[in-house]
Amino acid sequence: MNASFDIAATTYDATFTNSTIGRLQRDRVWTYLEAHLLKDKPLKILELNCGTGEDALFLSIKGHEVIATDIAFEMVSCSKEKLATADVKNVEVLQLDVKRLKDKKFPHQFDLIFSNFGGLNCLSKDDLVKLNNAVKKHLKPKGRFISVIMPSFCIMESLYFLAKLEWKSIFRRNTKDALNVNVEGEAIKTWYYSPRQYKNVFSSNFSTINIQPIGFLPSYFEQLAKKNPSLLNLDQLLGRLNFSSISDHFLIDFEVK
């Protein structure tokens, strides 16, 4: 998995971070974080699957202390370069396999552990069960764990495949098995979880504070959305209806019991 995401590092900002859909979805995540966690006091934050460092940059500019981690060496390199260019001082970037989180030693516990945009979809259910205990270990009492996950059904994706008469792909996410998802020509094993499935994995250690959708248009709708701005209006309407179980991503906010 490491080498696969290395390949995606150099193009990730162009294909997702700075795209219309990518910016829309990330803004919704940031809006949630600002409304529910970031406004009261500086936090100590651990980011899992930090990618190219876009979220770490945002969090640091807001005055929070961040340790940003990713399994891919090239993602870590991109993050360090981006943060150095922005001249932020309160972020440390480390290469870390999330599967080894439990054994990792940090200088302190965290107020928030955060993972954005499906990084944790690269974990099987058994891996998530282990992550449940690892995350709790590194959080302060009443600490928060917020992740953005790809659910097991996306209404816009299914309609897209239906229109193309690609029958086998309409419900492709709805499986307990991993799918091989193409990332810059590399097949990445990906598991999809409904909000209920994901919530249940973490229920032994965490109470659920909130679940909400983060966009309904998959990133490969970018050109369609540019040609048909009404799709973005539809995305906003569905977001107000809070249909997390049929979105492209959902945000789930946990608190340590």
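It should be emphasised that the depicted structure is a prediction, and the values quoted were computed from it without experimental measurement. (Residues numbered from 1 in each chain as written. Predicted model: local features only at pLDDT ≥ 70, side-chain atom pairs only at ≥ 80, totals over all residues. Heavy atoms only, no water.)

**A short note on the pairing of strand β2 (residues 65-70)**
Defined as follows: Only protein chains enter the accessibility calculation, which uses a 1.4 Å probe; a residue whose area is less than 20% of its type maximum is buried, one above 50% is exposed, and one in between is partly exposed. Numbering of helices and strands starts at the N terminus; helices are DSSP runs of H or I of at least 4 residues and strands are runs of E of at least 2. Two strands are counted as paired when DSSP detects at least two bridges linking them. Call a crossover right-handed when, viewed with both strands pointing away from you, the route from the first strand across the helix to the second goes clockwise.
β2 sits mainly inside the fold: five of its six residues count as buried. Note that strand β1 (residues 44-48) and β2 share four bridges and pair parallel. Following the sheet pairing, Leu-46 is matched in β2 by Ile-67. Chirality of the crossover, the property in question, places the unit of β1, helix α3 (residues 54-61) and β2 among those that are right-handed. Strand direction decides the pairing type here: β2 and strand β3 (residues 91-95), joined by five bridges, are parallel. Of the residues in β3, the one forming a bridge with Val-66 is Val-91. For the handedness criterion, the β-α-β arrangement of β2, helix α4 (residues 73-86) and β3 is classed as right-handed.

**So, the packing of aromatic side chains**
Selection criterion: Any Phe, Tyr or Trp ring, taking Trp's six-membered ring, that has another such ring centre within 6.5 Å forms a pair; planes under 30 degrees apart are called stacked, those over 60 apart edge-to-face, and the others tilted.
In this structure the tally under the stated criterion is 19 aromatic pairs. Judged by centre distance (6.4 Å) and plane angle (80°), the rings of Tyr-198 and Phe-250 are edge-to-face. Here Phe-250 lies in strand β9 (residues 250-256) and Tyr-198 lies in helix α7 (residues 195-201), a separation of 52 residues in the sequence. In this structure, Tyr-198 and Phe-250 share a single accessibility class: buried.

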